Amino acid sequence: MVEKKKRAGASGLIRRQQRAGYLFVLPWIIGFLIFFLQPLVESFWYSLNNVIMGAGGLETGYVGLDNFKYLILQDSSFLTNLLTVVQNMLLQVCICTVLSLFVAVILVQKFRGRTLYRAIFFMPIILTSGVVYSMVSNAVGSTALNGIGNAYMPGATALAQLLLKGGVSKEVLGMMIGVVDSIYAMAANCGVPILLFISGLQKIPENFYEAARIEGAGSWEIFWKVTIPKVSPVIFLNIVYIIVDSCTAYGTGEGGNVMIAAIQRIGFGKTMQFGTSAAMAWMYFAVIAFFLLLAYLLLGRKANRIEN
């Protein structure tokens, strides 16, 4: 009888949590239906048409999958830009996830000035947003803040020459310099994941760690067998966040997210090829959806079982 009451109470708690989740996401659903659904359907229709600007507005001519075929078979820059964005995204997922977890494990410890250090690690997000970002980037005189360039390029050049003389290959050197150039951008992108990891780490019951210590587990074993499994739902959440954030970041013709820049240039530049731009956007969306699905299959289902 007591067991049945416990199960009923647990199922009731799960239902209340589900209702709360739907309630929180309801404003986004309403906004999507009102503001985004129609443009989304229209963009898919444009991807199947040759769209030109006529006297009465946009004029469409159905071409089927020709826009998609053109991007894959004839446009040499599309697959190159897509591969570049995917490589940058995977690199950012790996580095930012590990770095954020490492910093969060440190910041969750009890020491003097902990709140100040948490604010410092969140500060780059404020510096790379809105008016503050524009003021800082203009003051620096470069585009280093969004990963397009590096304000300290002379130092990076000297480091490259030193490593080349030491026998490092150009391929490895290119990856190393790329990481160095994106340090500030990585720090800015890690602010939210660090906060999420701190929240997840604080929810792990202290008696789990006490039981592990009583069993004779060391710090390294506790980290891998207690902390990592319990924080795996947050790891999955952060990976999803980093994928979306990386793939939707702003870009220009010189750098940043080159896919976003290409979609904007082709659709709203001098040529105004709306059909090709829409097809490019939908193919890019399909790639993002693929990596999100892959993340769910590899981590999401296991994270759901642990959370439930």
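Procedures and definitions
Residues numbered from 1 in each chain as written. Predicted model: local features only at pLDDT ≥ 70, side-chain atom pairs only at ≥ 80, totals over all residues. Heavy atoms only, no water. Helix = DSSP H or I, 4+ residues; strand = E, 2+ residues; numbered from the N terminus. Buried < 20%, exposed > 50% of the residue type's maximum accessible area, 1.4 Å probe, protein only. Areas by Shrake-Rupley, 256 points an atom, 1.4 Å probe, with all protein chains shown as cover. Polar contact = N/O pair within 3.5 Å; in protein donor to acceptor, adjacent residues only side chain to side chain. Contact = heavy atoms within 4.5 Å. Salt bridge = Lys/Arg side-chain N within 4 Å of Asp/Glu carboxyl O.

1. Some thoughts on the overall build of the protein
Across its full length, the protein carries 13 helices and four strands. Residues classed as buried in the protein amount to 31% of the 308 residues present. Of the roughly 20,000 Å² that the protein leaves accessible, carbon and sulfur atoms contribute 67%.

2. Digging into the side chain of Asn-49
Within the secondary structure layout, Asn-49 lies in strand 1 (residues 49-54). Residue class for Asn-49 comes out buried when judged on its relative accessible area of 1%. For Asn-49, the side chain forms a polar contact with the main-chain oxygen of Trp-45, separated by 2.5 Å. Among residues more than four places away in sequence, those in contact with Asn-49 are Thr-60, Gly-61, Tyr-62, Val-63, Asn-67 and Gly-275.

3. Focus on the pattern of salt bridges
Enumeration over the complete set of coordinates arrives at one salt bridge. When the shortest N-O distance is used, the salt bridge between Arg-213 and Glu-206 registers 3.7 Å.

4. Structural notes on helix 12 (residues 258-268)
Taken residue by residue, helix 12 has Val-258, Met-259, Ala-261, Ala-262, Ile-263, Ile-266 and Gly-267 as its buried positions. With a side-chain oxygen positioned 3.2 Å from the backbone nitrogen of Met-259, the residue opening helix 12 is Asn-257.

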